[in-house]
Amino acid sequence: MRPVVPQRPLAVLAYGSLLHAPGPGLAALVTGRRPCRTPFPVEYGRASQRWGGGPVLVPHPRGAPVDGALLLLAEGVELGVAVDALAEREGLPDPRGVLQVEMPGDRLVLAASLPRNLPAPDMAPPALARRAVESARTGPRNGVAYLRGAIDAGVLTPVTDAYARAVCALAGAGSLGEAERLLALRRPQRIGRTHGLG
């Protein structure tokens, strides 16, 4: 018989909305967090259906490593359970979208792999801002809210400052919080949900 190799403790790499809203399924597995720097560059390179078409953070060569956190999972959480919880949180149709990330330490680190889909011209701060403001028409889960949450969590990319200023200018606001409030007042009243990949 071959000896049983114990599973390494697990963690989830968070550098976007996972930092402040891991969702109930994943949150139930988390027992703590540890600040870290992403081992790869990150930028607003994806238009997300789940955020009303607004820009979200993904690994991208045009970005830079950012401050994030390792969400430390409880001892005894099985790898399959963790993968399924992360895939569900990120709206991935297949657990194969969850990858292992090599990072220092004793933890096996997981991260969701969402593809970038914005061409370079659409990643300029004015273009990102237009997309974020338009997404605010879809409901409270939008690109402006995502940007504010990332900034509040300390996640700053090379375009963050210019992107935030462009959003405020388009909304006629002095801050992202004020921009959210003003854009909410202009939002058409409707009932519905947005599904799809993060």
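### Here's the deal with the sheet that holds strand 2 (residues 30–37)
Move 1: A sheet is described by the order of its strands in space; here 5 strands give the open sequence 2-5-1-7-6, paired in mixed fashion. Strands at the two margins of the open sheet, each flanked by one partner only, are strand 2 and strand 6 (98–101). Each strand axis lies, on average, 35 degrees off the axis of its neighbour in the sheet, ignoring direction.
Move 2: In terms of strand pairing, strand 2 meets strand 5 (residues 67–73) through 7 bridges, oriented antiparallel. Paired with R37 across the two strands is D67, which belongs to strand 5.
Move 3: Against the sheet, helix 2 (residues 79–89) touches strand 1 (10–14), strand 5, strand 6 and strand 7 (108–112), its axis set at about 25 degrees to strand 7.

### Quick look at the side chain of T160
Move 1: With respect to the helices and strands, T160 occurs in helix 5 (residues 160–171).
Move 2: A relative accessible area of 1% means that T160 is categorised as buried.
Move 3: Among residues more than four places away in sequence, those in contact with T160 are Y44, L147, I151 and V155.

### Quick word on the nonpolar core
Move 1: L13, L26, Y44 and V167 are the most contacted members of the largest nonpolar core, which has 65 residues in total.
Move 2: The biggest single contributor to this core is helix 5, with 6 residues.
Move 3: Leave out the neighbours within four places in its chain, and L13 touches L18, C36, P39, F40, A69, L70, V101, M103, V109, L110 and A111.

### What about the packing of aromatic side chains?
Move 1: Applying the stated criterion across every chain yields a total of 4 aromatic pairs.
Move 2: When the centroid spacing of 5.1 Å and the interplanar angle of 75 degrees are considered together, the rings of Y44 and Y163 count as edge-to-face. With a gap of 119 residues between them, Y44 in strand 3 (residues 42–48) and Y163 in helix 5 connect regions that are remote in the sequence. For the pair Y44 and Y163, a shared accessibility class is recorded, and that class is buried.
Move 3: Each ring, one from W51 and one from Y146, has its centre 5.1 Å from the other, and the planes form 80 degrees; the classification is edge-to-face. Highlighted residues: W51 in the loop between strand 3 and strand 4 (54–59) and Y146 in helix 4 (residues 143–152), separated in sequence by 95 residues.

### Some thoughts on helix 3 (residues 125–135)
Move 1: Three or more residues of helix 3 are buried, namely P125, A127, L128, A129, A132, V133 and S135.
Move 2: For helix 3, the elements touching its buried residues are strand 3, strand 4, helix 4, helix 5 and helix 6 (176–185).

### Focus on the pairing of strand 3
Both faces of the sheet carry side chains from a regular strand, because those side chains alternate between them.
Move 1: For strand 3, the tally of buried residues reaches 7 of 7 residues, placing the bulk of the element in the interior.
Move 2: Of the strand pairs in this sheet, strand 3 and strand 4 are connected by 6 bridges, and their pairing is antiparallel. Opposite Y44, over in strand 4, you have L57 as the bridge partner.
Move 3: Hairpin connection from strand 3 to strand 4: 5 residues lie between these consecutive antiparallel strands, with G52 at a positive phi of about 70 degrees.

### Thoughts on the environment of E102
Move 1: Mapped onto the elements of the fold, E102 is located in the loop between strand 6 and strand 7.
Move 2: E102 sits 63 residues away from P39 along the chain, and the two C-alpha atoms are 8.0 Å apart.

### Let's talk about the pattern of salt bridges
Move 1: By the definition in use, this model includes 7 salt bridges.
Move 2: Residues R148 and D152 are paired through a salt bridge, measuring 3.4 Å at the closest nitrogen-oxygen approach. Here R148 and its partner D152 are both found in helix 4, 4 residues apart, which amounts to about one turn of the helix.
Move 3: Its relative accessible area of 58% is what places D152 among the exposed residues.

Scoring rules and cut-offs
Residues numbered from 1 in each chain as written. Predicted model: local features only at pLDDT ≥ 70, side-chain atom pairs only at ≥ 80, totals over all residues. Heavy atoms only, no water. Pairing = 2+ DSSP bridges. Helix = DSSP H or I, 4+ residues; strand = E, 2+ residues; numbered from the N terminus. Axes fitted to C-alpha atoms, helices over the stretch in contact; angles between N-to-C directions. Contact = heavy atoms within 4.5 Å. Buried < 20%, exposed > 50% of the residue type's maximum accessible area, 1.4 Å probe, protein only. Core = buried A, V, L, I, M, F, W, Y, C linked by side-chain atoms within 4.5 Å. Phe/Tyr/Trp six-rings, centres within 6.5 Å; stacked < 30°, edge-to-face > 60°. Salt bridge = Lys/Arg side-chain N within 4 Å of Asp/Glu carboxyl O.

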